[in-house]
Amino acid sequence: MLQLFADNQPLDISGVKFNITLKNPMFDKDKFEGSYIFNLKLPLTSRNKKIFGFPGRLEKYSANQSNDFSYRALFNGTQIIDNAIISVIYQHNNYTTNVKVTSGSFINRLKDMSLKNLDLGGNRTIGSAPFIPINHYNNTLTKEYPDSDYVYFPIYNLNFYDNTDVENDYKNNIQFINFYYNNTFQPGSPDSTGGTFCAFPYLAYILDQIFKAGNVNINKNPFFSNTELRRLVIYNNHSLTATTSAPNPNPPYNWFYFPKAHHRLNLINQVPDYNILDLLNDLKIFGISYFFNNTLGTLDIMFLKDILHSTDYIDLTNVIDYKKIDLTKNDGYKLSYDFREPYSNKYIKDFEDVNLKEPVQALSDLPEAEDTEINEVRYVIDVDKYYIFKYYSGTQTGVWHLFSYNFLDKVLDGDNIFEIHSNTSPLMVRGIKDFVSGIGNRQLLCPIVEQIGSNPFFINNDGYIHNNSFDSHLLFYRGLQHDSLNASYPLGSNDVYDYGGNKISNANISLKFDGDYGLYNNFWSDYFNWILNITTKVILKKLFSPIEINQFDFSKKYRHNGIDYLIKSIKIPVTEKAILPATMECYKV
């Protein structure tokens, strides 16, 4: 017999029948679609009215009013659904409910939360005032999570102090956040060198805090277990730098020449105001999926390619019908980022209206003007960028200009596109000449940002607080690498190469899509090859026991008549007295 509970109180279920729809998350492209029970109708009994808080009363009634409750279901005393969320909508003759089954409770806890709502440790002391905490910054250089929750490396940001009275001083003298040379971060001094600091949290740490807030335990987490993904950091634009005295809101502002950086850090300032579930969906760009077990309160994050290559399988029992359906196979796929401003216009260009020609090895190999067409674009392999040829009629000369960084979408065209899109994008990096240290020929590979800095101490020319927001971006922290003079410095990058174009020994993942180290070859090629070659769907009818419903694992392969399948969805009809044969949508592996 069936039993239903809301907030651990038994519901009256006379005449109840419904379908449990279980869905495999590895087929979800960009949302936590999850499993569900849709349109479950419960009678308007006195018990149910009391449990649901009498939502039909006039003083509480509103059209489509919905209230959420915890939900579980048992059949013959065995739990088939646990830790779900039931949304109750009052209607004139019943309560119509929607139930989120697998990831429902996790989503319900986090659906409206930003990264800034997480517990990130509060105020941390990173140096003893009034001393300079430079030793603290230097001590993070060789640390990864969990030995450190954050790290520092140089960012080139010419616009950090725009619209302040020290904008020109900064642009003429500093230009870097976390400036590093001569084997140390530079603390800053009255001659304007160094001194602006920003901490970048490790993504693995942020994810751990997200899962704690969602009340799930992680069994498998590649963003921690994979040593390279563990080096991913979240970019932010918040300066830790403080004044030696309280900031003066009136001219002359005494807060620019910083002889020390602030001795306290709160990572809430160092993350974007970005929805948590949106970030988790963005991370699917790494070829992963999230498998929740509500009964155990656990989560496995797994690579899709590992599921495809697994040799483990479970034999299907109690199969009572088989139907084969021929399909038109998928035609294409697309992997893409939303770079947002300023990247979308300045650094990442559209190739639709230009004349894309064969690549060349080096800048010196770009054709001469007489051999070139206007708006001709060529990829230059050595610098990993695209250049365009522009002709100027006034001077009657043609010049090659930087057109775009090599961050093209990965696309195989077709009528039926399987698309994975991420609004969390990488930062661009480029070789930057160092005007700060006084060493004229020093250059370093460095992420670039063109964005006003964020800090409540930043007061602009009109006396207003200058507190800018920032988007969601990722970089790898590559540790100490070499600049153009072979001196070491900490490198943040989206790629696997140092300033000299040499591959970093422990770097094998790029945030680009193409190339030997790109996301496509690392995580997606096997999966897309499978998706694009599916030509048959199999429908199986199977009788599920209550424990099979409760313990079904979509990350496993299932075998029937010697053939392995991945199950896309299961639809299980349930009445008060019976679990009826389920319909399973299956695809051969």
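Provided above is the structure to which this section pertains.
Residues numbered from 1 in each chain as written. Predicted model: local features only at pLDDT ≥ 70, side-chain atom pairs only at ≥ 80, totals over all residues. Heavy atoms only, no water.

Each regular strand shows side chains that alternate between the opposite faces of the sheet. With ten of 13 residues buried, strand E6 (residues 78-90) lies mostly within the body of the structure. Pairing analysis gives six bridges linking E6 to strand E7 (residues 95-100), with the strands arranged antiparallel. Counted as the bridge partner of Tyr90 is Tyr95 from E7. Where E6 hands over to E7, the hairpin turn is made up of four residues, counted between the paired strands. (Buried < 20%, exposed > 50% of the residue type's maximum accessible area, 1.4 Å probe, protein only. Helix = DSSP H or I, 4+ residues; strand = E, 2+ residues; numbered from the N terminus. Pairing = 2+ DSSP bridges.)

Before going further, it helps to spend a moment on the packing of aromatic side chains. Overall, the coordinates contain 48 aromatic pairs when judged by the stated rule. Measuring from centroid to centroid gives 5.2 Å for Phe52 and Phe69, while their planes differ by 55°, and the two rings are tilted. Pair noted here: Phe52 is in the loop between helix H1 (46-51) and strand E5 (66-75) and Phe69 is in strand E5, with a separation of 17 residues, a long-range link. Phe69 carries the same exposure label as Phe52, and that label is buried. Judged by centre distance (5.3 Å) and plane angle (75°), the ring pair of Phe160 and Tyr161 falls under edge-to-face. In terms of burial, Phe160 and Tyr161 fall into one category: buried. (Phe/Tyr/Trp six-rings, centres within 6.5 Å; stacked < 30°, edge-to-face > 60°.)

Judged by pairing direction, the sheet is mixed, and its four strands sit side by side in the order E23-E24-E25-E26 without closing on themselves. The strands lining the two open edges of the sheet, one partner per strand, are strand E23 (355-356) and strand E26 (397-405). In the sheet, strand E25 (residues 385-392) pairs with E26 via eight bridges, with the strands oriented antiparallel. The residue bridging Ile388 from the neighbouring strand is His401, located in E26.

The biggest cluster of nonpolar side chains holds 161 residues, and the ones touching the most others in it are Leu4, Tyr71, Ile210 and Phe286. The contacts of Leu4, once residues within four sequence positions are left out, are Gln9, Pro10, Leu11, Ile13, Val16, Phe18, Leu40, Leu42, Tyr71, Arg72 and Ala73. Val354, Val377, Tyr386 and Ile388 belong to the second largest nonpolar core, which has seven residues in total. (Core = buried A, V, L, I, M, F, W, Y, C linked by side-chain atoms within 4.5 Å. Contact = heavy atoms within 4.5 Å.)

Another point: the pattern of salt bridges. Inspection of every chain in the model, using the stated rule, returns 20 salt bridges. Across the pair Lys357 and Glu373 runs a salt bridge whose closest N-O atoms are separated by 3.4 Å. One end of the pair, Lys357, is in the loop between E23 and strand E24 (376-380); the other, Glu373, is in the loop between E23 and E24, and 16 residues separate them in sequence. Judged by its relative accessible area of 42%, Glu373 falls in the partly exposed class. Linking Asp434 and Arg442 is a salt bridge whose minimum nitrogen-to-oxygen distance equals 3.0 Å. (Salt bridge = Lys/Arg side-chain N within 4 Å of Asp/Glu carboxyl O.)

Everything listed here is a matter of coordinates, which is why it stays silent on function.
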